[in-house]
Amino acid sequence: MSLGKLLERIIQLIPVLLGVSLIVFVMMALTPGDPVQIMVGEQSITPEQEAELRRNLGLDRPMVERFFIFLAHAVQFDFGNSFYHGRPVADVIAERLPATIELSLVALIVALATAIPLGVVAAIRKNSVLDRMATVGSLLGVSLPGFWFGILLIMLFAVHMQVLPVSGRIGYDNEVAAVTGFLLIDTLLAGDIGAFGDALRHLLLPAITLGLPMTAILMRVTRSSMLEVMRQDYVTFAEAKGLPRRRVLYRHALKNALIPTVSVAAIETGSLLGGNMIVETVFGWPGLGRLVVESIFLRNYPLIQAAVLLYAVTYVLLNFLADILYTVLNPRVKL
Amino acid sequence: MTDASLAAAPSAESLFRRNLRDFSRNRLAMASLTVILIFVLMAVAAPLIAPQDPNETDLFRRLQPPGWVDGGDWRFPLGCDALGRDILSRIIYGARISIFIGAAVIVLATGVGILAGLAAGYLRGWVDVVISRVVDILLGFPYLIFAIGLMAMMGPGLLNIVLALAYKEWVIPCRVVRGETLAVRELEYVEAARALGAGPRHIMWREILPNILSPVIVVSTIRMAHVIILEASLSFLGLGVQPPTASWGSMVSDGRAFILEAWWVSTFPGLAILLLVLAINVASQALRDAFDPRFSE
């Protein structure tokens, strides 16, 4: 892909990002209830204090001006103070973000590690019992509501078998000093293998729940693209040359069959963002998703606004990366 | 009707019939369709078939187990929740919410999507630019987050859920309709209608729309399953239909606090969601295979 094309795509991102910001701004601006009243809550303030607060928040300015002020602040990660925490929204989000990123990454790894082998085997043994089971499994995977699947896993592994924890990121007796915020890294940095194992055990059920729909989709994509590749001439030719089947499948076919899988995985990573609100709520996971849900009930609008914007911008950028990745991996496709 | 569309009509009808025959021969699809029908009937006839009042509380029946479990009572076959309400009756009434919201969102979104997609694909120019930009921007939001943001703004309620989901859902049929319209707008039958002096409105509604409706219907059915899960997710988070109205998502949420002692409170409503969504997914896949030859293996 040429640099010019890449630049063109980056420029195309700008109106989308502006539009996304505008929608987030309008969403919150149209929210019923006066922000000053919500902020002040039960406290009584004088009309002068109220006017001062309104001026400080920029609420006395016209809508258009307020949007540009919001935008100027947003690019500096300045979203004002969280009503509930009494601290800058950006700080509160930064604290919770590593938990969400860690969970999403592990979910992605779980999904890839399950979907690719299953998809490949299902394609190689097309119409076998295993293939049918994988197909039924993938259908179940996209039909299971995540919150219910999470609860079933808790009932089975945490309540009934008692082999995995019910909720949280790590046991109280295994807490380590936060360096990166990613517990799997922090526990290793502290040299505490026991705590690392504990963090991993806490991650397992939420990651499986979050990754399930993605696993189902990636399995289907891998299966169908593997079937497609196995029909290609170069695979038949490699087999005709007398190369062992295993070598043909894994060295020749799989490499090309994985191109759509990787691209779809990049797109689906964006969908993990929505899923983690549900999963974090089910598993009491102290990440950004749960923070947003809590903030809705607390009417903590600056935080909701910042988080929705952050999610949307990340989603747009992930989709952009997926597009680029697809073009890089598959040179036949031109942007 | 123009001569061109008259000429096209018989072959389109026979193709439709053939596709319908293919669909009806798929046994799994027919079984799924039966499950969907049962749920729809359950929703429509809820007051007639529900064994109990879904909102009647009785703390003496608090967390009463299902009929076949020790301590259970067959008058409350699937047991009771923490307020002593009959779970089966609440599931039956909950079907109303899931199916109504699923259908309302899809009908609304498909209607808007068809209008916008036809306009963008046929009129092109600035109409296409504006609609496509709006679609791009809306696609920039993860679905659930967009809906959650809107629900935070509008507050909970049945109509608000429908609107919150439809505001983003319409982009899916819109993209399909726009793509299909672009593909057919230069075909002979459209050219012929144009040559006969038909106006844009006539061409879009009478010539193009009937010929591109199959993929739109297929996509809408596939999306319905997705919308039902989204509604249940919003209700689970407490942003959907408000208590005491029974909705499957909020019933699962109600049971979360009692999974140690009363597994049935969360399990059965979740199973209802799974069954309905699975049936819609299977049926819509069969519909896609039958009506859209690009997808059949």
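In this text, all values refer to a predicted model and were calculated from it rather than measured experimentally. (Residues numbered from 1 in each chain as written. Chains lettered and ligands numbered in written order. Predicted model: local features only at pLDDT ≥ 70, side-chain atom pairs only at ≥ 80, totals over all residues. Heavy atoms only, no water.)

Undergrad: How should I be thinking about the nonpolar core in this particular structure?
TA: Most often, soluble globular proteins have nonpolar side chains that are buried together. With 152 residues, the main nonpolar core has F147(A), I91(B), L165(B), L234(B) and W248(B) as its most contacted residues. When residues of this core are assigned to their parent elements, the largest contribution, 14 residues, is made by helix 4 (residues 87-123) of chain B. Those residues in contact with L234(B), other than ones at most four positions away along the chain, are L144(B), A147(B), I148(B), M151(B), I161(B), L165(B), L239(B) and G240(B). A198(B), I203(B), I208(B) and I212(B) belong to the second-largest nonpolar core, a separate cluster that totals 16 residues. (Core = buried A, V, L, I, M, F, W, Y, C linked by side-chain atoms within 4.5 Å. Buried < 20%, exposed > 50% of the residue type's maximum accessible area, 1.4 Å probe, protein only. Helix = DSSP H or I, 4+ residues; strand = E, 2+ residues; numbered from the N terminus. Contact = heavy atoms within 4.5 Å.)

Undergrad: How do you make sense of the packing of helix 5 (residues 89-124) of chain A against helix 11 (residues 245-282) of chain A when you look at a structure like this?
TA: Packed helices, taken two at a time, are described by the angle their axes make and the gap between the axes. All names here are of chain A. Remark: helix 5 packs on helix 11, axes separated minimally by 8 Å, with the N-to-C direction vectors making an angle of 145°. For the crossing formed where helix 5 meets helix 11, the hand is right-handed. Contacts between helix 5 and helix 11 involve T100, L103, S104, L108, L112, I116, V120 and I124 from the former and R245, L249, Y250, L254, L258, T261, A265, T269, L272, N276, V279 and E280 from the latter. (Axes fitted to C-alpha atoms, helices over the stretch in contact; angles between N-to-C directions. Left-handed = near helix turned anticlockwise from the far one by under 90°.)

Undergrad: Would you mind showing me how to read the packing of aromatic side chains here?
TA: When we look at a pair of aromatic rings, we describe it by the centre distance and by the angle of the planes. Residue and element names in this part refer to chain B. This structure, assessed with the given rule, holds ten aromatic pairs over all chains. Taking 6.0 Å as the distance between ring centres and 80° as the angle between the ring planes, the aromatic pair formed by W68 and F268 counts as edge-to-face. Here the residue W68 occupies a position in the loop between helix 3 (46-49) and helix 4, and F268 occupies one in helix 12 (residues 264-291), the gap between them amounting to 200 residues. Judged by its relative accessible area of 11%, F268 is buried. Three or more aromatic residues link up through ring pairs in this structure, and these residues are W68, W74, W263, W264 and F268. Here K168 stacks its cationic end above the ring of Y143, 5.8 Å away from the centre of that ring. Of note, R185 hangs over the ring of Y122, and the distance from its end group to the ring centre comes to 5.4 Å. (Phe/Tyr/Trp six-rings, centres within 6.5 Å; stacked < 30°, edge-to-face > 60°. Lys NZ or Arg CZ within 6 Å of the ring centre and 35° of its normal.)

Undergrad: Would you take a moment to explain the pattern of salt bridges for this structure?
TA: If charged atoms from side chains of opposite charge come close, those side chains can pair. All names here are of chain B. Tallied over the entire structure, the rule returns 21 salt bridges over all chains. Here D81 makes a salt bridge to R85, at a shortest N to O gap of 2.9 Å. Judged on exposure class, the residue D81 and its partner R85 are both buried. Residues R194 and E191 are paired through a salt bridge, measuring 3.7 Å at the closest nitrogen-oxygen approach. Highlighted residues: R194 and E191, both in helix 9 (residues 188-195), separated by three residues, approximately one helical turn. Note on E191: relative accessible area 35%, which makes it partly exposed. (Salt bridge = Lys/Arg side-chain N within 4 Å of Asp/Glu carboxyl O.)

Undergrad: I keep staring at a nonpolar patch on the surface and nothing clicks. Help me out?
TA: Residues and elements named next belong to chain A. Taken together, the side chains of L22, V26, L30, M63, V64 and F68 make up a nonpolar region of the molecular surface, amounting to roughly 560 Å² of accessible area. Those elements giving two or more residues to the nonpolar patch turn out to be helix 1 (3-29) and helix 4 (63-74). Residue contributions to the nonpolar patch peak at three residues, all from helix 4. Among the structural elements, V64 can be located in helix 4. For V64, a relative accessible area of 58% gives the class exposed. (Patch = residues over 30% accessible without salt bridge, like charges linked within 9 Å, V, L, I, M, F, W, Y side chains within 5 Å. Areas by Shrake-Rupley, 256 points an atom, 1.4 Å probe, with all protein chains shown as cover.)

Nothing here speaks to function; it is geometry throughout.
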